[in-house]
Amino acid sequence: MRKILLVVLLHTFTCLNAQQLTVEKIMQDTKWIGTSPSGIFWSYDSKAVSFKWNPEKAASDSAYSYTLNSSGPAKLNYNLAQKAQAIHSGTYNHARTQIVYELKGDIYLLDIATNTSRRITQTEEEETNPVFVHNDEWIVYQKGNDLFAWDTRLAITKQLTKFISGEAPSSKKISAEEQWVKNEQLQTSEVVKERKEKADARKAYLQSIKDADTLHVIYIDDKTVTGLQINPGGRFVTWSLFESPKDAKTTIVPNYVTESGFTTNIPGRDKVGANQGSYTFYVFDKLKDTVIKLNTDSIPDITNEPLYTKDYPAKFKDKKPAPRPVVVFGPYWNDDGTNGLVDIRTEDNKDRWIMQLDAATGHLKLIDHQHDEGWIAGPGIGWISNTSIGWINASTCWFQSEATGYTHLYSFDVSTRVKKTITQGQYEIQQADLSSNKKYFYIITNESHPGKQQFYRINTDGSDKQQITSMTGGYEVSVSPDEKYIAYRYSYQNKPWELYLQENEPGTKPIQVTNKAMSDEWKSYPWRDTKIFTFTARDGANVYARIYEPAKEKKNNAAVIFVHGAGYLQNVDYAWSYYQHEFMFNNLLADKGYTVMDIDYRGSAGYGRDWRTGIYRYMGGKDLDDEVDAARYLVKQYGIDGTRIGMYGGSYGGFMTLMALFTQPDVFKAGAALRPVTDWAHYDHGYTSAILNEPFNDSIAYTRSSPINFAAGLKNHLLICHGMVDVNVHFQDAVRLAQRLIELHKENWELAVYPVEDHGFVEPSSWTDEYKRVLKLFDDNLLK
């Protein structure tokens, strides 16, 4: 009896001392939550980990370092922190005894054994991108548009390239009249003719004895040099020339609240479908003193038209097959520079070719062709994520592909032309790095559960995979240079990121380095460890979801569905959410009796190719169906009143809220659309064209995906909130929709504007005002 009474008293005491959540409380400066480390990297000697941190609650983060086996983190001097970061970003020589790095625009060479740095350059101009070449005898770096080489033995610097804007003198066209006069002069004067012949002979002789390292002048007209690099052997220089569109029109974002008191214009971006310019890839062979333009017109399937064009027979039936525009990335060289890869992507996002480059001839050999009628993407493949590609040895390369529907690791031997699968299964390789000895891959996967990450070591042939980490949650891992330790940020769904250290072996115990992610004030509230589960959508697919449940005695039978944004993001996982404000707000709603649901609808990350491309050509289609099915699930399984369900979300979540209110008015009683896209034809090119193609080529996709076209369907209560200096989703989107609603004589909507806010709000006052409005919207319309 005493035991039961004690438990009851403790529970009562805990409840009384748990803080009451308010909008003002949760939307204050995020320092009240605590401070999480970020930007983690190792020292080159593997003895210390550096990171940014703010345990003192200063105006901004400072640099800290934790030395192995020390008592705790120590604050770093600013200059030392800058140097440490620069060395970390540098490049090792083959023996891993030296690191070349760039610091404050100059190049330095670190000798690891003596811990001494030698300054290579000291100029007003900025030098960047230093690398070792030619058996580590040269350090090549970029200054402006050109490459320079520094001899590590003789300390001599020489220029390798000379790019000049403008037209080459020899390529300047002369008129027929001028050519006739020139020819006539040579025919009428033996002296002039002989002098020309002597000059031509001297030029030919000098060319024949020209040293391979002699400066080569390259004229680039009005184009821009991008991706400039040299191969490890020092023979081949590669680059792309970008020709910007001549008729490019970009947006502006007016800024009304400025220090000067005058309205200013913030330069904006283009809109989807705008001319993106063109890229041309070149190889300069220093040995032969020749420049080769890479020809991609004969790549397999380069002239294939996307399937969506069949919906427009009148527009495309007479179109003749032509090579599609591409962008060439790389090359990615093996260690000695004898083999190189290029990663070629069509600008329409449908095809990716990984090809072997014969730099001496410009010839290409196919290694892997990836095609997607939706769009090429996925972890390690590109689009929004980074690209993982490289060499296991001199003849075997590796890359990631969604060939099976999930992004996995593959290898290809350029000698035998044999492709091998390294990993496989219905899960994603979300990060992959090759060990320095090239015997292992270090990978992060979600194989145990789509929302749970773990870190593994696996042999490069796919054998002997070993799990190194063990805690349930999310990881961001950095391996020490000697690969004996890992440092990682770890979080759980109700525990923000902290820094841990661990030996890089299975079964070893992690050491927690930081413990300031949760302040005492923040920990005084029992943040929900939400249930993660699946429900079945109308097409039989399993949709992952989380639920914030109210106490039984407070349950009001109303529900709110939160819709994540960020375009391509996974939010139903066991890691600390990108949406920390919304996480706290959802807890507040649950405290008031609301049941809150959050799902990874079609288009979300973490579930493979088919899930990602489920929104192709129809945003607001299957993704919105998933949200409607979630609402029905709440009614059926949680007893929610189907007439009292609301929705809110920002960015893509704001767009989804508009589509829900406009096209499913019988399902959602109220919605808050925060910084929403209202018309996809006005969003950016890189993201939108991948999913919806271009508006002038695929009007069907844009018409059915843009909320502004369905505004007439608004019956219930809508709140729109938008920052006026939003350079991502422009405030114009909200203004155009407001005008449409006015013309439709709609009355049950409201637009709240935030004059000093960009896409992601910064000021606590703005966060507070916005979410007080959201809460009032739900209380006024879902609790009646």
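Refer to the structure presented above.
Residues numbered from 1 in each chain as written. Predicted model: local features only at pLDDT ≥ 70, side-chain atom pairs only at ≥ 80, totals over all residues. Heavy atoms only, no water.

### Let's talk about the overall build of the protein chain
The condition is simple: Runs of H or I in DSSP of at least four residues are treated as helices and runs of E of at least two as strands, each being numbered from the N terminus. All radius of gyration figures rest on C-alpha atoms, and the globule criterion is 2.2 Å times the number of residues raised to 0.38. Any residue under 20% of the maximum accessible area for its type is buried, any over 50% is exposed, and the rest in between are partly exposed; the area is computed with a 1.4 Å probe on protein chains only.
For the protein chain, the helix and strand inventory stands at 15 helices and 44 strands. Computed over C-alpha atoms, the radius of gyration of the protein chain comes to 30 Å, within 12% of the 28 Å expected from 2.2 N^0.38 for 784 residues, which places it in the range of a compact globule. With the C-alpha coordinates of the protein chain rotated into their principal frame, the extents come out at 115 × 70 × 60 Å. A burial count over the protein chain gives 51% of its 784 residues as buried.

### Remarks on the packing of helix α10 (residues 622-638) against helix α11 (residues 652-663)
Applicable threshold: Axis geometry follows a simple rule: fit a line to the C-alpha atoms, using only the stretch in contact for helices, then measure angles between N-to-C directions, giving values from 0 to 180 degrees. An angle counts as roughly parallel when it lies under 35 degrees, as roughly antiparallel when it exceeds 145, as roughly perpendicular when it falls between 65 and 115, and as oblique in every other case. By definition in these notes, contact holds between two residues if any of their heavy atoms fall within 4.5 Å. Three classes are used: nonpolar for Ala, Val, Leu, Ile, Met, Phe, Trp, Tyr, Cys and Pro, charged for Asp, Glu, Lys and Arg, and polar for all others, with Gly counted as polar.
Between α10 and α11, the shortest axis-to-axis distance is 10 Å and the interhelical angle comes to 70°. Accordingly, the angle class assigned to the pair α10 and α11 is roughly perpendicular. Mapping the contact onto sequence places Asp623, Leu624 and Glu627 in α10 and Tyr652, Phe655, Met656, Met659, Ala660 and Thr663 in α11. Broken down by class, the residue content of the contact of α10 with α11 amounts to six nonpolar, one polar and two charged.

### Side note on the sheet that holds strand β35 (residues 495-503)
Operational definition: We call two strands paired when DSSP finds no fewer than two bridges between them.
Read across the open sheet, the four strands follow the order β33-β34-β35-β36; overall the sheet is antiparallel. The two strands at the open ends of the sheet, each matched to only one other strand, are β33 (474-479) and β36 (511-512). In this structure, strand β34 (residues 485-492) lies alongside β35, joined through seven bridges in antiparallel fashion. Of the residues in β35, the one forming a bridge with Arg489 is Leu499.

### Quick notes on the pairing of strand β15 (residues 224-230)
Inspection of the sheet shows β15 paired to strand β16 (residues 236-243) by five bridges, in the antiparallel sense. Each bridged residue has a counterpart across the sheet, and for Ile230 the counterpart in β16 is Val237. From the end of β15 to the start of β16, which pair antiparallel, there are five residues, and Gly234 there has a positive phi angle of about 85°.

### With respect to the packing of aromatic side chains
Put simply, the test is: Only Phe, Tyr and Trp rings are paired, with Trp represented by its six-membered ring, and only when their centres lie within 6.5 Å; those with planes under 30 degrees apart are stacked, over 60 edge-to-face, the remainder tilted.
On inspection of all chains with the given rule, the structure shows 50 aromatic pairs. The interplanar angle of 20° and the centroid separation of 6.3 Å between the aromatic rings of Phe51 and Tyr64 together place this pair among those described as stacked. Here Tyr64 lies in strand β3 (residues 62-67) and Phe51 lies in strand β2 (residues 48-53), a separation of 13 residues in the sequence. We classify Phe51 as buried; its relative accessible area is 2%. Seen from their ring centres, Tyr578 and Tyr579 are 4.9 Å apart, and the 90° between their planes marks the pair as edge-to-face.

### As for the pattern of salt bridges
The condition is simple: Any Lys or Arg side-chain nitrogen found within 4 Å of a carboxyl oxygen on Asp or Glu counts as a salt bridge.
If you walk through the whole model with that rule in mind, you get 44 salt bridges. One salt bridge connects Glu447 with Lys465, and the closest N-O pair in it is separated by 2.9 Å. Taken as a pair, Glu447 in strand β30 (residues 440-449) and Lys465 in the loop between β31 (452-459) and β32 (466-467) lie far apart in primary sequence, 18 residues in all. In this structure, the salt-bridge partner of Asp698 is Arg617, at a minimum N-O distance of 2.7 Å. Of the two residues, Asp698 is situated in the loop between α12 (685-692) and α13 (699-705) and Arg617 in the loop between α9 (609-612) and α10; the sequence distance between them amounts to 81 residues. The exposure classification of Asp698 matches that of Arg617, with both residues buried.

### Quick word on the nonpolar core
Using the following cut-off: The term nonpolar core refers to a set of buried residues drawn from Ala, Val, Leu, Ile, Met, Phe, Trp, Tyr and Cys, joined through side-chain atoms within 4.5 Å.
Of all hydrophobic cores here, the largest spans 82 residues; its most connected members are Ile561, Met597, Met619, Tyr652, Phe668, Trp680 and Leu718. Those residues within four positions of Tyr652 in sequence are excluded, and the remaining contacts are His564, Gly565, Gly567, Tyr601, Ile615, Met619, Gly620, Asp623, Trp680 and Tyr687. Ranked by size, the runner-up nonpolar core spans 41 residues in total, among them Phe585, Leu589, Tyr754 and Leu775.

### Quick notes on the sheet that holds strand β29 (residues 429-434)
The strand order across the open sheet built from four strands is β29-β30-β31-β32, with neighbouring strands paired in antiparallel fashion. Looking at which strands have only one partner, the edges of the open sheet turn out to be β29 and β32. Sheet analysis places β31 next to β32, joined by two bridges and oriented antiparallel. Each residue of the ladder has a partner; that of Tyr456, found in β32, is Gln467.

### Digging into unusual backbone geometry
Of note, the amide linkage connecting Gly330 to Pro331 takes the cis form, showing an omega dihedral of 5°. In this fold, Pro331 is placed in strand β21 (residues 326-333). Notably, Asn69 is not glycine yet its phi reads approximately 65°, a positive angle. Checked against the element boundaries, Asn69 lands in the loop between β3 and β4 (74-75). The exposed category is assigned to Asn69, whose relative accessible area is 76%.

### Here's the deal with the packing of helix α8 (residues 580-591) against helix α15 (residues 764-782)
The criterion, for reference: Two helices crossing with the near one rotated counterclockwise from the far one by less than a right angle form a left-handed crossing, whereas a clockwise rotation gives a right-handed crossing.
Their axes nearest at 12 Å, the elements α8 and α15 cross at an angle of 35°. The crossing of α8 and α15 is right-handed. Mapping the contact onto sequence places His581, Glu582, Phe585, Leu588 and Leu589 in α8 and Trp767, Tyr771, Val774, Leu775 and Phe778 in α15. For the contact of α8 with α15, the per-class residue count stands at eight nonpolar, one polar and one charged.

### Digging into the side chain of Arg644
Just so we agree on the cut-off: Pairs of N or O atoms are called polar contacts if they sit within 3.5 Å, as long as, within protein, a hydrogen donor faces a hydrogen acceptor (for residues adjacent in sequence, only side-chain-to-side-chain pairs).
When you line up the elements, Arg644 lands in the loop between α10 and β41 (645-650). For Arg644, a relative accessible area of 12% gives the class buried. A polar contact of 2.7 Å, which involves the side chain of Arg644, links it to the backbone oxygen of Asn556.

### With respect to helix α14 (residues 731-743)
Going by this rule: Any helix carries an expected span of 1.5 Å times its number of residues minus one. Comment: arc refers to directions from the helix axis out to C-beta atoms.
The end-to-end C-alpha distance of α14 is 19 Å, a good match for the 18 Å that 13 residues give at a rise of 1.5 Å each. The set of residues buried in α14 consists of Phe731, Asp733, Ala734, Leu737, Ala738 and Leu741. One side of α14 carries all its buried residues, which in axial view fall inside an arc of 150°. If you follow the buried residues of α14, they end up packed against α11, β43 (717-723) and β44 (749-754).

So far we have only geometry, and geometry alone does not tell us how the molecule works.
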